[in-house]
Amino acid sequence: MNISTIKFDEKGLVPAIVQDVVSKEVLTLAYMNEESLKKSIETRETWFFSRSRQELWHKGATSGNIQKIVDMSYDCDHDAVLVKVVPTGPACHTGSYSCFNEKLVESSYERVEDRFAIINEIERIIASRKAELPEGSYTTYLFDKGVDKILKKVGEEASEVIIAAKNRDHDELRWEVADLLFHLLVLLKEQELPLDEVLQALEKRR
């Protein structure tokens, strides 16, 4: 990124959109000045400029919820920055995974037009669970137990898929494949490996 091409506003700031590189969820909108932008590039962690406090702040410096930068880019007008990150906790000061929780329009989709929309939704929920770790959530339980437990569940569900297929039981197979897909998505999040990269691997093999 060539900082000299960025168009800062009259206050020396540029909006920075922060996106979870795995779930694609937009986490927050903050502002950077030239110094915080340079620090973000140098440290590969997000730094912003607080308009209320008029000072730099390192995301996660006090909470521990740092955002590790995977990629940074700017738009065609050079007046906005997109920061793709791996978050280590909630992005919002309220403790929520994302700052964008208040809905103006309820989300909807046509399954016929987007048959994989539910995958995107489950990815978002899994990412939210990992960031917030709400009590009583099965997904929280998996992340708390760690990769060995998640791998055990993947193995168990794969075995159940095999048994259901051998039994020629479509109802059983349908549910077991759904369980396997869910646990695979949990595993990908635990490993911080975007599903998109798996799909890219499929594309290359095609």
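Let me sum up the structure you'll find in this document. (Residues numbered from 1 in each chain as written. Predicted model: local features only at pLDDT ≥ 70, side-chain atom pairs only at ≥ 80, totals over all residues. Heavy atoms only, no water.)

1. A look at the overall build of the protein
Note the threshold: Put simply, DSSP H or I for four residues or longer makes a helix, DSSP E for two residues or longer makes a strand, and each gets a number counted from the N terminus. Between buried and exposed lies partly exposed: a residue is buried under 20% and exposed over 50% of the maximum accessible area for its type, with that area taken using a 1.4 Å probe on protein chains only. Contacts are assigned to residue pairs that have any heavy atoms within 4.5 Å of one another. Surface accessibility follows the Shrake-Rupley procedure with a 1.4 Å probe radius. Residue values consider only the protein chains on display as shielding.
The helix and strand inventory of the protein stands at six helices and six strands. Ordered by position in the sequence, the α and β elements of the protein form the string β-β-α-β-β-β-β-α-α-α-α-α. Each principal axis of the C-alpha distribution contributes one length, and for the protein these read about 70 × 35 × 35 Å. The buried share of the protein, reckoned over its 206 residues, is 36%. Nonlocal contacts in the protein, meaning residues at least 24 apart in sequence, comprise 50% of its contacts between residues at least 6 apart. Surface exposure of the protein reaches about 13200 Å², of which carbon and sulfur atoms provide 51%.

2. Overview of the packing of helix α2 (residues 117-132) against helix α3 (residues 138-145)
For clarity, the threshold we go by: Fitted lines through C-alpha atoms serve as axes, helices being fitted only where they are in contact, and the angles separating the N-to-C directions of these axes extend from 0 to 180 degrees. Angle categories: roughly parallel below 35 degrees, roughly antiparallel above 145, roughly perpendicular from 65 to 115, and oblique for all the rest. Two helices cross in a left-handed way if the nearer one is turned anticlockwise from the farther one by less than a right angle. They cross in a right-handed way if the turn is clockwise.
Taken N-terminus to C-terminus, the directions of α2 and α3 make an angle of 60 degrees; their axes are 9 Å apart at the nearest point. What the angle tells us is that α2 and α3 run oblique. Between α2 and α3 lies a crossing of right-handed hand. Contacts from Ile126, Arg129 and Lys130 of α2 reach α3 at Thr139, Thr140 and Phe143.

3. With respect to the sheet that holds strand β2 (residues 26-32)
Where we set the bar: A pair of strands is labelled paired if DSSP reports no fewer than 2 bridges between them.
With mixed pairing, four strands are arranged side by side in an open sheet as β2-β1-β6-β5. Pairing within the sheet leaves two strands with one partner each, and these edge strands are β2 and β5 (67-74). Taking each pair of neighbouring strands and ignoring which way they run, the sheet shows an average axis angle of 25 degrees. Where β5 meets strand β6 (residues 81-87), seven bridges bridge the pair, whose relative direction is antiparallel. Pairing of Met72 across the sheet is with Val83, part of β6.

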